[in-house]
Structure formats: C-alpha cells, structure tokens
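Residue strings, one per chain:
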Amino acid sequence: PALSGLAEAASSCLRLDDEAERSARVEELRVQWDDEAQEAISKWRAVSHQGSQYFFNTETRETTWEDPEVGILLTYRLQSEAIAYLADEEYMSSLLSTDTNTTPSVKDSQEDTDSEPPS
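The paragraphs below set out a description of the structure included in this document. These numbers come from a predicted model, not from an experiment.

What the chain contains, in helices and strands, is four helices and three strands. Going residue by residue from the N terminus, the α and β elements of the chain occur as α-α-β-β-β-α-α. Put simply, of all contacts in the chain between residues at least 6 apart along the chain, 50% involve residues at least 24 apart.

Below, the discussion takes up the pattern of salt bridges. Summed over all chains, the structure comprises five salt bridges. The salt bridge partner of K43 is E39, with a shortest N-O separation of 3.8 Å. Of the residues examined, E39 reaches a relative accessible area of 47% and is grouped as partly exposed. As a salt-bridge pair, R77 and E81 come within 2.9 Å of each other at their nearest N and O atoms. Highlighted residues: R77 and E81, both in helix α3 (residues 68-84), separated by four residues, approximately one helical turn. Connected through salt bridges with shared partners, the residues E39, K43 and E59 form a single ionic network.

A contiguous nonpolar surface patch, about 250 Å² in accessible area, is contributed by L14, L95 and L96. If you trace the backbone, L95 turns up in helix α4 (residues 89-96). Residue L95 is classed as partly exposed on the basis of its relative accessible area, which comes to 32%.

The subject of this paragraph is the packing of aromatic side chains. What describes a pair of aromatic rings is the distance from one ring centre to the other and the angle between the planes of the rings. Per the stated rule, a full pass over the model turns up two aromatic pairs. Between Y54 and W65, the ring centres sit 5.9 Å apart and the planes meet at 70°, which makes this aromatic pair edge-to-face. Here W65 lies in the loop between β3 (63-64) and α3 and Y54 lies in strand β2 (residues 52-57), a separation of eleven residues in the sequence. A centroid spacing of 5.4 Å and a plane angle of 55° characterise the contact between Y85 and Y91, whose relative ring orientation is tilted. An identical accessibility class is assigned to Y85 and Y91; each is buried.

Relative to β2, strand β1 (residues 44-49) is paired through six bridges, and the arrangement is antiparallel. Along β2, the bridge assignment pairs A46 with F55. Between the end of β1 and the start of β2, which pair antiparallel, lie two residues, with Q50 showing a positive phi angle near 50°.

This brings us to the sheet that holds β2. Read across the open sheet, the three strands follow the order β1-β2-β3; overall the sheet is antiparallel. For this open sheet the edge positions go to β1 and β3, each flanked by a neighbour on one side alone.

This brings us to unusual backbone geometry. The phi torsion at Q50 lies on the positive side, around 50°, for a residue other than glycine. Considering the arrangement of structural elements, one finds Q50 in the loop between β1 and β2. The exposure class assigned to Q50 is exposed, which follows from its relative accessible area of 75%. Although it is not a glycine, R61 adopts a positive phi angle of roughly 70°. In this structure, R61 sits in the loop between β2 and β3.

What counts, and at which threshold
- Residues numbered from 1 in each chain as written.
- Predicted model: local features only at pLDDT ≥ 70, side-chain atom pairs only at ≥ 80, totals over all residues.
- Heavy atoms only, no water.
- Helix = DSSP H or I, 4+ residues; strand = E, 2+ residues; numbered from the N terminus.
- Contact = heavy atoms within 4.5 Å.
- Salt bridge = Lys/Arg side-chain N within 4 Å of Asp/Glu carboxyl O.
- Buried < 20%, exposed > 50% of the residue type's maximum accessible area, 1.4 Å probe, protein only.
- Patch = residues over 30% accessible without salt bridge, like charges linked within 9 Å, V, L, I, M, F, W, Y side chains within 5 Å.
- Areas by Shrake-Rupley, 256 points an atom, 1.4 Å probe, with all protein chains shown as cover.
- Phe/Tyr/Trp six-rings, centres within 6.5 Å; stacked < 30°, edge-to-face > 60°.
- Pairing = 2+ DSSP bridges.

Here's what the structure looks like:
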C-alpha cells in the first residue's frame with residue numbers, strides 16, 4: 001500500500017510544472033504522511049506479560065512482539081524522503097531532461113549516504 005500511494009503522489013507532483021506548486025504539494029504530502037504515521041502509532045499499546053512486553057493494536061486486535069512504531073515510522077520516513085526529491089529543482093531538471101545519459105540516479109544526487117534529502 002505504501003508504494004502504490006507513493007507512486008500516485010509522485011505522479012501527481014510530476015504533473016505540476018510550477019516549482020512552487022510542486023514544492024507546496026510535496027510539503028502537504030509530508031505533513032499528511034506524518035499525521036498518518038502518528039495516527040497509526042497511536043493505535044498500538046504496549047502490554048507487559050510474564051516479564052516480557054508485546055504490542056496490541058486497539059483497532060485491529062493484532063498483537064506482535066516487535067515494536068510496531070519502528071516499522072510504521074520507517075515506512076513513512078522513506079515515503080517522505082523519496083517524495084522530497086520532487087521538490088528539488090536541480091534534480092527535477094535533470095530528471096526531465098531529454099538527454100538520458102546525464103540523468104542522475106537518486107543515489108547520485110546525494111553527496112553521501114548520510115546527507116538529508118532536499119526539503
């Protein structure tokens with residue numbers, strides 16, 4: 001579900017020719033996804049059981065030994081980082097360029113793997 005939502009969001013952003021409109025839409029998506037992540041996290045409760053802790057979803061009644069916050073936040077963080085590239089005018093220019101030999105990959109557009117994507 002996350003990838004299809006990301007693909008739809010990216011497609012809608014790519015249809016916006018104006019950089020300011022595209023940047024505003026990217027920011028809207030990032031805020032929306034942050035809200036969705038917080039809502040998803042809020043549905044989980046930690047429960048102690050015989051010296052161990054498990055997690056219980058109050059809506060679906062699902063249980064897990066793994067902290068669901070980690071997976072939820074990772075998914076939304078990856079979506080936000082991916083969509084942020086569409087607000088980077090330099091990246092967009094090279095992406096939309098007709099010369100496919102000079103189109104950088106997402107990895108090439110970062111100076112190193114620890115740097116933050118454009119916002």
